Amino acid sequence: MTEAPAVRSPAPDRPSPGAPEGPAEEGGAGAYARGFGDGVRSALREVMSWASRGHTPAELKVLAQSRLSHLDEEVALKRRTLLSAPQSIPLESLLRVRGPESAPGFPPLAPGYTYLFLEERPLLARRFLAEALPRLGGALGLTRLPGELRAVAPREALEVLYLGVESPSDPGVEGASNNVSGLTSRVQDFLGRDGSSRALYLEAFDYLTVWNDFEPAMKFLYWASAEVHSHRGVLLVSVDPDSLSRVQLRTLERDFNHRIKLP
């Protein structure tokens, strides 16, 4: 009598087809799916925000292409941020008393990124600019306080444009147009100089809104943000939040990669 062959059960380390995934596989797939969903939602929201601001189809294409060209850098930056996240908060950091001169940790400097500093006076923004300058090919600063900004860095590292109707009296400071349309060529020439990564620094946005109204001033920032992306530079803007209405401030905040303010 022929004996029937024995039916072997699947090896414990090789689940049979259709079997539920184990905790490790399920956790990895869930994390990937959540990250994919968050990324799609973020991209669609950004496109909708661009469209709601009145960008033309050509401008939308430029903005989208700019983001796509820097996507690998953003992913790598996000990965490094997640891997370097502390597992616990040091006790001394919880007990430290924050004074008026203490500052929050600055975000990393990344090509094509934009940084908004919400502060009554541009102290954090200038500190961030001074720390970033050694890693940049230079910076162009637009200000109403040229003497103070001129003291941040030497002329070869920081070019200062004074926004005002009168001629600047400070050495190493150039006068600039109050009209945003008159600033574009100067900014474009600076960012495109010698192909290095450069910074555009603005601490007089409220002044531009007075002379040009809020909408033209915002369009100038949209344009500057696109120029920074295409030239792999950075945009730094310091604004007193009390100088804008709540709606204006929310509109301004949405167009920046990072928002920094004192706690």
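Before reading on, note that the structure itself is shown above.
Criteria and thresholds
- Residues numbered from 1 in each chain as written.
- Predicted model: local features only at pLDDT ≥ 70, side-chain atom pairs only at ≥ 80, totals over all residues.
- Heavy atoms only, no water.
- Helix = DSSP H or I, 4+ residues; strand = E, 2+ residues; numbered from the N terminus.
- Buried < 20%, exposed > 50% of the residue type's maximum accessible area, 1.4 Å probe, protein only.
- Contact = heavy atoms within 4.5 Å.
- Areas by Shrake-Rupley, 256 points an atom, 1.4 Å probe, with all protein chains shown as cover.
- Polar contact = N/O pair within 3.5 Å; in protein donor to acceptor, adjacent residues only side chain to side chain.
- Salt bridge = Lys/Arg side-chain N within 4 Å of Asp/Glu carboxyl O.
- Expected span 1.5 Å × (residues − 1).
- Core = buried A, V, L, I, M, F, W, Y, C linked by side-chain atoms within 4.5 Å.
- Pairing = 2+ DSSP bridges.
- Axes fitted to C-alpha atoms, helices over the stretch in contact; angles between N-to-C directions.

Draft legend 1. Structural view of the overall build of the protein. The helix and strand tally for the protein stands at 10 helices and seven strands. For the protein, the proportion of its 263 residues judged to be buried stands at 36%. The long-range fraction of contacts in the protein, counting pairs at least 24 apart against all pairs at least 6 apart in sequence, stands at 63%. Here the protein displays about 16300 Å² of accessible surface, and carbon together with sulfur accounts for 57% of that area.

Draft legend 2. How the structure looks around the side chain of His 229. Within the element layout of this structure, His 229 appears in helix 9 (residues 214-231). When its relative accessible area of 9% is taken as the criterion, His 229 is described as buried. Reaching out from His 229, the side chain makes a polar contact with the backbone oxygen of Gly 112 at a distance of 2.9 Å.

Draft legend 3. Examining unusual backbone geometry more closely. Phi at Asp 213 is positive, roughly 80 degrees, even though this residue is not glycine. By the element assignment, Asp 213 lies in the loop between helix 8 (205-212) and helix 9. The backbone of Arg 232 sits at a positive phi, close to 60 degrees, despite the residue not being glycine. Within the secondary structure, Arg 232 is located in the loop between helix 9 and strand 6 (234-239).

Draft legend 4. Just the pattern of salt bridges, in detail. Taken as a whole and assessed by the stated rule, the structure comprises eight salt bridges. For Glu 203, the salt bridge goes to Arg 126, with nearest N and O atoms at 3.0 Å. With Glu 203 in the loop between strand 5 (199-202) and helix 8 and Arg 126 in helix 5 (residues 123-132), this residue pair connects regions lying 77 residues apart in the sequence. Each member of the pair, Glu 203 together with Arg 126, is buried. Close ionic contact of Lys 219 with Glu 215 constitutes a salt bridge, the shortest N to O distance being 3.5 Å. Of this pair, Lys 219 and Glu 215 both sit in helix 9, four residues apart, which is roughly one turn of that helix. Where salt bridges share partners, they join Arg 121, Arg 126, Glu 148 and Glu 203 into one cluster.

Draft legend 5. Region of the structure containing helix 9. Spanning 18 residues, helix 9 covers 26 Å between terminal C-alpha atoms, matching the ideal 26 Å at 1.5 Å per step. Considered for burial, the residues of helix 9 that qualify are Phe 214, Ala 217, Met 218, Phe 220, Leu 221, Tyr 222, Ala 224, Ser 225, Ala 226, Glu 227, Val 228 and His 229. Taken from the residues just after helix 9, Arg 232 is the one with a positive phi, measuring 60 degrees.

Draft legend 6. Representation of the nonpolar core within the structure. By size, the foremost hydrophobic cluster in this structure holds 33 residues, and its most contacted members are Phe 205 and Leu 252. If one sorts the elements of this core by residue count, helix 9 sits on top with eight residues. Aside from chain neighbours lying at most four places away, what touches Leu 252 is Leu 116, Phe 205, Met 218, Leu 221, Val 239 and Leu 244. With 23 residues, the next largest nonpolar core counts Tyr 162, Val 173, Ala 199 and Tyr 201 among its residues.

Draft legend 7. Spatial organisation of the sheet that holds strand 2 (residues 139-143). If you trace the seven strands from one edge of the open sheet to the other, you get 4-3-2-5-6-1-7, paired in parallel fashion. Pairing within the sheet leaves two strands with one partner each, and these edge strands are strand 4 (173-176) and strand 7 (258-261). Strand-to-strand twist in this sheet, taken as the mean axis angle between neighbours without regard to direction, amounts to 20 degrees. Summarising the sheet, strand 1 (residues 114-118) and strand 6 pair through five bridges and their orientation is parallel. Bridging from a neighbouring strand, Leu 118 pairs with Val 239 of strand 6. Sheet contacts for helix 5: strand 1, strand 2, strand 3 (158-163), strand 5, strand 6 and strand 7; angle to strand 1, the most-contacted strand, approximately 145 degrees. Its contacts with the sheet place helix 9 against strand 1, strand 5 and strand 6, and it is angled at close to 150 degrees to strand 6.

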